[in-house]
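Breakdown of the fold
So the chains spell out like this:
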Amino acid sequence: MKTLSDKTGGRFYDGDSLFGIAQAFTWIAEELGRQYSIGYYPSKPGQNGERRQIKVSVTEADLVVKARDSYIYSDKGHKLTQMNSRMSP
């Protein structure tokens, strides 16, 4: 599970006891209150199924980034964006 959480940008909490589970939920609740979600549109469309590398960094020294290092491009989202552009007045 730790390997999976590392690869997907998640965090691993050990719940081997009732205290561990309660502590994990406390940490999760605190973390949810301090996180941001960001997104972007690639400047060039890729090939459907293409793996694309990403890197997220911050300029503040006391911040921590938990993010995946890549994603699989899907032209489904690109087609939706094109359709919405054509429908706009």
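Calculation rules
- Residues numbered from 1 in each chain as written.
- Predicted model: local features only at pLDDT ≥ 70, side-chain atom pairs only at ≥ 80, totals over all residues.
- Heavy atoms only, no water.
- Salt bridge = Lys/Arg side-chain N within 4 Å of Asp/Glu carboxyl O.
- Buried < 20%, exposed > 50% of the residue type's maximum accessible area, 1.4 Å probe, protein only.
- Helix = DSSP H or I, 4+ residues; strand = E, 2+ residues; numbered from the N terminus.
- Polar contact = N/O pair within 3.5 Å; in protein donor to acceptor, adjacent residues only side chain to side chain.
- Contact = heavy atoms within 4.5 Å.
- Phe/Tyr/Trp six-rings, centres within 6.5 Å; stacked < 30°, edge-to-face > 60°.

**Topic: the pattern of salt bridges**
One side chain can pair with another of opposite charge once the charged atoms of both are near each other. What the rule picks out here adds up to 1 salt bridge. The salt bridge involving Arg 52 is made with Glu 50; its shortest N-O contact spans 3.8 Å. Judged by its relative accessible area of 17%, Arg 52 is buried.

**Section: the side chain of Arg 52**
Following the sequence through the fold, Arg 52 ends up in strand β1 (residues 51-53). Polar contacts involving the side chain of Arg 52 include one to the main-chain carbonyl oxygen of Lys 44, which spans 3.0 Å. Once residues lying within four places of it in the same chain are set aside, the contact partners of Arg 52 are Pro 42, Lys 44, Pro 45, Gly 46, Asp 69, Ser 70, Tyr 71 and Tyr 73.

**What about the packing of aromatic side chains?**
All chains considered together, the criterion is met by 1 aromatic pair. Taking the centre distance of 5.9 Å and the plane angle of 35° together, the rings of Tyr 13 and Trp 27 count as tilted. Within this pair, whereas Tyr 13 is found in the loop between α1 (2-7) and α2 (18-32), its partner Trp 27 is found in helix α2, the two being separated by 14 residues in sequence. The exposure class of Trp 27 is partly exposed, given its relative accessible area of 43%.

Limitation: the analysis is restricted to geometry and does not speak to function.
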